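Tertiary structure, described
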Amino acid sequence: HIPGALFMHCERDLAGPHSGSNGRHPLPDIATFAARLSACGVGPDTQVVAYDNEGGAFAARLWWMLRWLGHDKVALLDGGLAGWKRAKLALETEVRSPAPARFVPRPQDIQVDAAYVHEHLRAPDMLLLDARNEDRYAGRNEILDPVAGHIPGAINRFFYDNLDDAGCFFKSAEELRAEFADILSGRDPQTGVQECGSGVTACHNLLAMEIAGLRGSKIYIGSWSEWC
């Protein structure tokens, strides 16, 4: 791993308990997640950099979760571990123990729930963007959720399309702006609601829009796994 990096697990750290109806990756309890961040040494002035080895799919979730709890000093490492290796930079196997800090959550209103999505279906003040691949969006080859298909009115934007041809680095801000502007078709970016299978890769689309300067969309964390 990158020297000094700490590990967070998508299931154990970036998601909470399943109730059977709250999707595959519900948000964790705020106090529990705040305690985990504190143990990792994240205080109010800590610059957090999230990375993974999956094109940013999981790192974007951590990026969004910190923003959700009011911590704006967070970034995603463009290229992730693959980009780091391409640059021939150092790696280590030692797991370091950071000095604990005190993370104080300040929850922000940057998500919506199923009731909101249901109320605004096909309304002009909401544009649903589905980050899953085309097959799952179209109801083909569904391997993760018990029902195939997509939320009515949702537009497909596969999160992987935010990356370059090698699937490593994000496309330029100009490229992303042109692509998302075409999807928005003149709508305010703030009408955007990002969703996917379980609220993970949806964060990738939100981050891509922010890179493009199209800010203000929200996340439906429950996404298709809760909806269905």
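Residue numbers here run from 1 along each chain, matching the order of that chain's written sequence. At least 70 in pLDDT is required for a residue's local features to be given in this predicted model, at least 80 for side-chain atom pairs to be given and counted, and no such filter applies to totals for whole chains, interfaces and linings, which use all residues. Side-chain numbers come from the whole structure's heavy atoms, not from hydrogens or water.

**Looking at the sheet that holds strand S6 (residues 192-195)**
For two strands to pair, DSSP has to find at least two bridges joining them. Only DSSP runs of H or I reaching four residues or more are called helices, and only runs of E reaching two or more are called strands; each is numbered from the N terminus. Spatially, S3-S7-S6-S4-S5 is the arrangement adopted by the five strands of the open sheet, whose pairing is parallel. Two strands close off the open sheet at either side, each with one partner strand: strand S3 (111-112) and strand S5 (155-156). Sheet analysis places strand S4 (residues 127-130) next to S5, joined by two bridges and oriented parallel. What sits directly across from Asp130, in S5, is Asn156.

**What about empty space enclosed by the protein?**
In this analysis, the protein atoms alone were mapped onto a 1 Å grid. Cavities are point sets where a 1.4 Å probe fits without being able to get out; pockets are open sets with protein on both sides within 12 Å along at least five of seven lines; lining residues have an atom within 4 Å of a point. Grid points are joined across faces, edges and corners, and a volume is the space filled by probe spheres set on the points. The full count for this structure, using the stated rule, is one cavity of 30 Å³ or more. Roughly 40 Å³ of internal volume is contained in the largest cavity. Around the largest cavity, the lining residues are Tyr51, Asp52, Gly55, Gly56, Ala59, Leu76, Leu77, Gly79, Gly80, Leu163, Cys168 and Phe170. Residues are sorted three ways: Asp, Glu, Lys and Arg are charged, Ala, Val, Leu, Ile, Met, Phe, Trp, Tyr, Cys and Pro are nonpolar, and all the rest, Gly among them, are polar. Among the residues forming the lining of the largest cavity, the class breakdown is seven nonpolar, four polar and one charged.

**Some words on helix H6 (residues 173-184)**
A helix is expected to reach a length of 1.5 Å times the quantity of its residues less one. Counted at 1.5 Å a residue, the expected span for H6 with its twelve residues is 16 Å, and the 16 Å between its end C-alpha atoms agrees. Exposure is judged per residue with a 1.4 Å probe applied to protein chains only, and the accessible area is read against the type maximum: over 50% gives exposed, under 20% gives buried, and values in between give partly exposed. Where H6 is concerned, the buried positions are Leu176, Phe180, Ile183 and Leu184. The buried residues of H6 all sit within an arc of 95° when viewed along its axis, so they share a single face. Exposed and oriented more than 90 degrees from the buried face of H6 are Glu174 and Asp182. Taking the helix axis as origin, the arc is that swept by the directions to the C-beta atoms.

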